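Results of the structural survey
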Amino acid sequence: MPLIKPSMRAFFEEARNTPGFSWFQRLHGWFYLAFPYFYIGNGVGERQPARFILRTLGRLLPSRRASRPASKEAITFADTYHGKVVPLETARRLVSVRENIAAALPEQVLPYKLARDLVLHDPDHLVALDCPCRVARANPCLPLDVCLIVGEPFASLVLEHHPRRSRRITAGEAVDILEAEEVRGHVHHAFFKDAMLGRFYAVCNCCSCCCGAMQAQRGGTPMLASSGFISQVDDALCAGCGVCVDICPFDAMTMPQSAPQIDEARCMGCGLCISHCAVGALQLTAASQKGLPLEVPVS
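Residues numbered from 1 in each chain as written. Predicted model: local features only at pLDDT ≥ 70, side-chain atom pairs only at ≥ 80, totals over all residues. Heavy atoms only, no water.

**A short note on the environment of Cys270**
Residue placement: Cys270 occurs in the loop between strand S11 (261–262) and helix H12 (272–275). Along the backbone, Cys270 and Val85 are 185 residues apart, and their C-alpha atoms lie at a distance of 6.1 Å. Residues in contact with Cys270, not counting those within four places in the same chain, are Val85, Val86, Pro87, Val187, Ser227, Pro249 and Phe250. (Helix = DSSP H or I, 4+ residues; strand = E, 2+ residues; numbered from the N terminus. Contact = heavy atoms within 4.5 Å.)

Have a look at this one:
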């Protein structure tokens, strides 16, 4: 077996052509996808010894400098790795793109200094990967294969390095995974990372009990951006069943009386309460104070 796999060569070649990427960043990106169960699994906090190693590596591997004026400000961990909450329909579009796209997302969509590009090369190359956050847990939510890697050079790198934990899928199969996770009450996140060439690379379907990013968000590290929507309830239609309160992964809903009350500061606009409301009493509405939605070109 060759030491340097073809997918690794392809990743390094694209990284070499990405402005601002050092050799350290190229190695960081390759390590991230080649060893995600060490990298992410240890980061979620259940394997304490390796957390020291990851913190040390984080200090040794400098982040790519931001190209915008905000680069003079401090770069936080959330700036280098973050997710955008997306409703189901947006998640469907992300895995159904048929043509290459390239867009630099504004801060109103992703309020971070790094990793804001929505770039898709060979977007029909899709891989379902066992979620590193779930794999790291003693009693994970199932199924495991809910991380959807989108486009190149990421899909081939994951597939070649993790043949037992990944599989190539079609857009239709990806949509099936998204819809099944929606039924389970799991949030769809579009993930971005500076070491992933500063751009979007995956849609993960996250549960609040296993997801490291959601745990970090609750702990005060703002790793997740709102979808740009908030949920609103029509009290006249509400049946008072409380299903929406139970399904909300961000604890943004309470039931003080006969209809739910929504904490707009907590609501991330994931849309799970809408899809689980049997009487159609809830809807998502645009909330400019929460940012702009992630718009995906329809091909």
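**Concerning the pattern of salt bridges**
Evaluation of the coordinates by the stated rule reveals 12 salt bridges. Across the pair Glu107 and Arg116 runs a salt bridge whose closest N-O atoms are separated by 3.9 Å. (Salt bridge = Lys/Arg side-chain N within 4 Å of Asp/Glu carboxyl O.)

**Re empty space enclosed by the protein**
In the structure shown here, the tally under the stated rule is two cavities of 30 Å³ or more. Computed from the structure, the largest cavity encloses a volume of approximately 240 Å³. Lining the largest cavity are 23 residues, and of these Ile40, Tyr81, Pro132, Cys147 and Cys204 sit closest to its centre. Among the elements of the structure, helix H2 (23–34), helix H3 (36–43), helix H7 (132–135), strand S4 (147–152), strand S7 (199–206) and helix H10 (212–218) are those that each provide at least two residues to the lining of the largest cavity. Considering each element in turn, the lining of the largest cavity owes the most residues, five residues, to S7. Its residues assigned to classes, the lining of the largest cavity shows 20 nonpolar, two polar and one charged. (1 Å grid on protein atoms, 1.4 Å probe; cavity = no way out; pocket = protein on both sides within 12 Å on 5 of 7 lines; lining within 4 Å. Points joined across faces, edges and corners; volume = space filled by probe spheres on them. Nonpolar A, V, L, I, M, F, W, Y, C, P; charged D, E, K, R; others polar.)

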